[in-house]
Amino acid sequence: METMMGRALGDLARLASEKWYALMALLGFCILAWVMVVGTPHDDLLIALIAGCMAAFGSAEGETRTFRDRLRGGFGQVLKTRTPVRSLTPLGAFLYALAAVLGIWAIGRAIFGG
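A quick note: this is a predicted structure, and the numbers were derived from the prediction, not measured. (Residues numbered from 1 in each chain as written. Predicted model: local features only at pLDDT ≥ 70, side-chain atom pairs only at ≥ 80, totals over all residues. Heavy atoms only, no water.)

**Student:** Sorry, what's going on with the overall build of the protein chain here?
**Tutor:** When you go through the protein chain residue by residue, the secondary structure sums to 4 helices and 2 strands. Compactness check: the protein chain gives a C-alpha radius of gyration of 19 Å against a globular reference of 13 Å for 114 residues, more than 25% above the reference. When the backbone C-alpha atoms are referred to their principal axes, the protein chain occupies close to 65 × 40 × 25 Å. Put simply, of all contacts in the protein chain between residues at least 6 apart along the chain, 55% involve residues at least 24 apart. Accessible surface computed for the protein chain: about 8300 Å², of which carbon and sulfur atoms make up 70%. Once the 11 positive and 8 negative side-chain charges of the protein chain are each reduced to a mean point, those two points are 10 Å apart. (Helix = DSSP H or I, 4+ residues; strand = E, 2+ residues; numbered from the N terminus. Rg over C-alpha atoms; globule rule 2.2 N^0.38 Å. Contact = heavy atoms within 4.5 Å. Areas by Shrake-Rupley, 256 points an atom, 1.4 Å probe, with all protein chains shown as cover. Lys, Arg positive; Asp, Glu negative; His and termini not counted. Charge placed at Lys NZ, Arg CZ, Asp CG, Glu CD.)

Here it is as structure tokens:
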């Protein structure tokens, strides 16, 4: 027997497993906005670089993920499944490159200081 709370947690877990990249991009944008508006007592540039890397990578994942409906059948049954498929677009490639540059810059700033 399943409770309402169990169903809600199951739905939340399924959403997080399917759309983790959107949540990462949203969190990155929120941290970036916080650092730009309010600031932190720590290295603001390092935190902004990490947040920008999160936002760029999450947005690139969202840009390159598409879904394809497949029909599978056997023994008189037809089953429709939805599978994720990658499609690298110019915008997705740019966002991946931006995330890589920001990540390397953040690692360099963390190791060597600024």
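After that view of the structure, there is still more to cover.
**Student:** Can you walk me through the side chain of Thr64 in this structure?
**Tutor:** As for its placement among the helices and strands, Thr64 is situated in helix α3 (residues 44–64). Note on Thr64: relative accessible area 2%, which makes it buried. Dropping the residues within four chain positions of it, Thr64 is found in contact with Val85, Arg86, Ser87, Leu88, Gly92 and Tyr96. (Buried < 20%, exposed > 50% of the residue type's maximum accessible area, 1.4 Å probe, protein only.)

**Student:** Quick question: what am I supposed to make of the packing of α3 against helix α4 (residues 90–112) here?
**Tutor:** For any two helices packed against each other, the geometry comes down to the angle between their axes and how far apart the axes lie. Between α3 and α4, the least distance of the axes is 8 Å, while the angle of their chain directions is 155 degrees. By the criterion of interaxial angle, the relationship of α3 to α4 is roughly antiparallel. Viewed along their axes, α3 and α4 form a crossing whose handedness is left-handed. Residue composition of the contact of α3 with α4, by class: 17 nonpolar, 5 polar and 3 charged. (Axes fitted to C-alpha atoms, helices over the stretch in contact; angles between N-to-C directions. Parallel < 35°, antiparallel > 145°, perpendicular 65-115°, else oblique. Left-handed = near helix turned anticlockwise from the far one by under 90°. Nonpolar A, V, L, I, M, F, W, Y, C, P; charged D, E, K, R; others polar.)

**Student:** Where do I start with the packing of aromatic side chains in this structure?
**Tutor:** Aromatic rings considered in pairs are described by the distance between their centres and by the relative angle of their planes. All told, the structure shown has 3 aromatic pairs when counted by the stated rule. Between the aromatic rings of Trp20 and Phe57, the centroid separation amounts to 6.5 Å while the plane-to-plane angle is 35 degrees, which identifies the pairing as tilted. Remark: Phe57 occurs in helix α3 and Trp20 occurs in helix α2 (residues 20–37); sequence separation between them is 37 residues. For Trp20, a relative accessible area of 32% puts it in the partly exposed group. By relative accessible area, which is 30% here, Phe57 ends up partly exposed. (Phe/Tyr/Trp six-rings, centres within 6.5 Å; stacked < 30°, edge-to-face > 60°.)

**Student:** Looking at this structure, I do not really get the environment of Pro41. What am I missing?
**Tutor:** Along the chain, the position of Pro41 falls in the loop between α2 and α3. Separated by 53 residues in sequence, Pro41 and Phe94 have C-alpha atoms that sit 32 Å apart.

**Student:** Could you clarify how one ought to interpret the packing of helix α1 (residues 4–18) against α2 in this entry?
**Tutor:** Between α1 and α2, whose axes approach to 4 Å, the crossing angle comes to 80 degrees. One element, α1, and the other, α2, form an angle in the roughly perpendicular class. In this structure, α1 uses Leu15, Ala16, Ser17 and Glu18 to contact α2, whose residues at the interface are Trp20, Tyr21 and Leu23. Split into classes, the residues belonging to the contact of α1 with α2 amount to 5 nonpolar, 1 polar and 1 charged.

**Student:** Hey, could you run me through α4 in this one?
**Tutor:** Quick reminder: α-helices carry 3.6 residues per turn. Residues three or four places apart thus point the same way. Compared with an ideal rise of 1.5 Å per residue, which puts 23 residues at 33 Å, α4 spans 33 Å between its outermost C-alpha atoms and is within 8% of the ideal. Buried within α4 we find Gly92, Leu95, Ala99, Leu102, Gly103 and Ala106. Gly113 lies just past α4 and shows a positive phi near 75 degrees. (Expected span 1.5 Å × (residues − 1).)

Fair warning: the whole summary comes from geometry, so function is off the table for now.
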